[in-house]
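Here is how the chains run, residue by residue.
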Amino acid sequence: LLQDLSFPYFDPAKYEQVKQMVDADVRLSAEFITGMEEVIISEMKKYGIKVEVGHSLGGYFETYEKQKRRGMRGGSGLSGIADIPDVISFRVILPDNDLEKCYAAMGVMRMKLPQALMVSRHVDELQEKAVNGYSALKDVYVFEEGSVEICFTTKEKGCI
């Protein structure tokens, strides 16, 4: 958050460019977010898995840094952000601390969206927390609108 607050001051032109890209990203539209959350909830209900679904948004500076790291620089500026999955991350939170249900929930989404799944982008941080303290299974899915991250965790494990 501090990085996002300072970004417009240390590089106003790049900040404005990234802000415009992020703010115009179709993955951040209410229609896309609601649609994804409804798909996730509906699929979990089919298999009797009780979940809460939410989402988190990446920051402007974080998005800019990921563009730089991934070598996505264009001739006259930054290129698009459609392949940065954590511009929006969906959080599938299981109410109890049953890690097996996290794996089951992940399996349900993999069965529902097999063509969209990027298997190479799977991360399992349930057994050992990430550096920032977050603990979840993370998958990346690629849709026409761009890529998104779907994380599966429990209320206890997902707390930072």
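Structure report, in brief. (Residues numbered from 1 in each chain as written. Predicted model: local features only at pLDDT ≥ 70, side-chain atom pairs only at ≥ 80, totals over all residues. Heavy atoms only, no water.)

Glancing now at the overall build of the chain. The helix and strand tally for the chain stands at 6 helices and 7 strands. Across the chain, helices and strands are ordered from the amino to the carboxyl terminus as α-α-α-β-α-β-β-β-α-β-β-β-α. For the chain, the C-alpha radius of gyration of 16 Å lies close to 15 Å, the compact-globule estimate for 160 residues. Along the first, second and third principal axes, the C-alpha atoms of the chain reach 50 × 30 × 30 Å. Buried residues in the chain amount to 45% of all 160 residues. Of the contacts made within the chain by residues no fewer than 6 positions apart, 67% connect residues no fewer than 24 positions apart. Here the chain displays about 8,700 Å² of accessible surface, and carbon together with sulfur accounts for 54% of that area. Once the 20 positive and 25 negative side-chain charges of the chain are each reduced to a mean point, those two points are 2 Å apart. (Helix = DSSP H or I, 4+ residues; strand = E, 2+ residues; numbered from the N terminus. Rg over C-alpha atoms; globule rule 2.2 N^0.38 Å. Buried < 20%, exposed > 50% of the residue type's maximum accessible area, 1.4 Å probe, protein only. Contact = heavy atoms within 4.5 Å. Areas by Shrake-Rupley, 256 points an atom, 1.4 Å probe, with all protein chains shown as cover. Lys, Arg positive; Asp, Glu negative; His and termini not counted. Charge placed at Lys NZ, Arg CZ, Asp CG, Glu CD.)

Glancing now at the pattern of salt bridges. In this structure the tally under the stated criterion is 13 salt bridges. Ionic pairing is found between Lys66 and Glu62, a salt bridge with its closest N-O pair at 3.3 Å. With Lys66 and Glu62 both in helix H4 (residues 60–69) and 4 residues apart, this pair spans about one turn of that helix. Here Asp86 and Lys66 are joined by a salt bridge, their closest N and O atoms 2.2 Å apart. You can see Asp86 sitting in the loop between strand S3 (77–78) and strand S4 (88–94) and its partner Lys66 sitting in helix H4, a full 20 residues away along the chain. Classification of Asp86 by relative accessible area gives buried; the value is 17%. The buried category is assigned to Lys66, whose relative accessible area is 11%. (Salt bridge = Lys/Arg side-chain N within 4 Å of Asp/Glu carboxyl O.)

Turning to helix H5 (residues 99–112), a few remarks are in order. One turn of the α-helix equals 3.6 residues, which is why residues spaced by three or four share an orientation. Along its 14 residues, H5 runs 20 Å from first to last C-alpha, staying within 8% of the 20 Å computed at 1.5 Å per residue. Taken together, the buried positions of H5 are occupied by Cys102, Ala105, Met106, Val108 and Met109. Buried residues of H5, seen end-on, are gathered within an arc of 155 degrees and therefore sit on one face of the element. H5 presents Glu100 and Met111 as exposed residues on the side facing more than 90 degrees away from its buried surface. At the N-terminal end of H5, a side-chain oxygen is found 3.0 Å from the backbone nitrogen of Glu100, two or three residues along, and the residue is Asp98. (Expected span 1.5 Å × (residues − 1). Arc of directions from axis to C-beta. Polar contact = N/O pair within 3.5 Å; in protein donor to acceptor, adjacent residues only side chain to side chain.)

It is worth spelling out the pairing of S4 at this point. Along a regular strand, successive side chains alternate from one face of the sheet to the other. With 6 of 7 residues buried, S4 lies mostly within the body of the structure. Two elements, strand S1 (residues 52–57) and S4, share 6 bridges in a ladder whose sense is antiparallel. Bridge pairing links Gly54 to Arg91 in S4. Examined bridge by bridge, S4 and strand S7 (residues 146–154) share 6 bridges and lie parallel to one another. Counted as the bridge partner of Val92 is Phe152 from S7. (Pairing = 2+ DSSP bridges.)

Our next topic: the packing of helix H1 (residues 2–10) against H4. For any two helices packed against each other, the geometry comes down to the angle between their axes and how far apart the axes lie. Packing of H1 against H4 leaves a shortest axis separation of 7 Å and a crossing angle of 70 degrees. Considered as vectors, H1 and H4 are oriented roughly perpendicular to each other. Here H1 contributes Gln3, Asp4, Phe7 and Phe10 to the contact with H4, which in turn contributes Tyr60, Phe61, Glu62 and Tyr64. Class assignment of the residues belonging to the contact of H1 with H4 gives a composition of 5 nonpolar, 1 polar and 2 charged. (Axes fitted to C-alpha atoms, helices over the stretch in contact; angles between N-to-C directions. Parallel < 35°, antiparallel > 145°, perpendicular 65-115°, else oblique. Nonpolar A, V, L, I, M, F, W, Y, C, P; charged D, E, K, R; others polar.)

This structure, assessed with the given rule, holds 0 disulfides. Cys102 carries a free sulfur, and the closest cysteine sulfur to it, the one in Cys151, is 11 Å from it. With relative accessibility at 0%, the residue Cys151 sits in the buried group. (Disulfide = S-S within 2.5 Å.)

Moving on to the pairing of S7. With 9 of 9 residues buried, S7 is to be regarded as a mostly interior element. Taken together, the 7 bridges between strand S6 (residues 137–143) and S7 define a ladder with antiparallel strand orientation. Counterpart to Asp139 in the pairing with S7 is Ile150. Linkage of S6 to S7, two consecutive antiparallel strands, is achieved through a turn of 2 residues.

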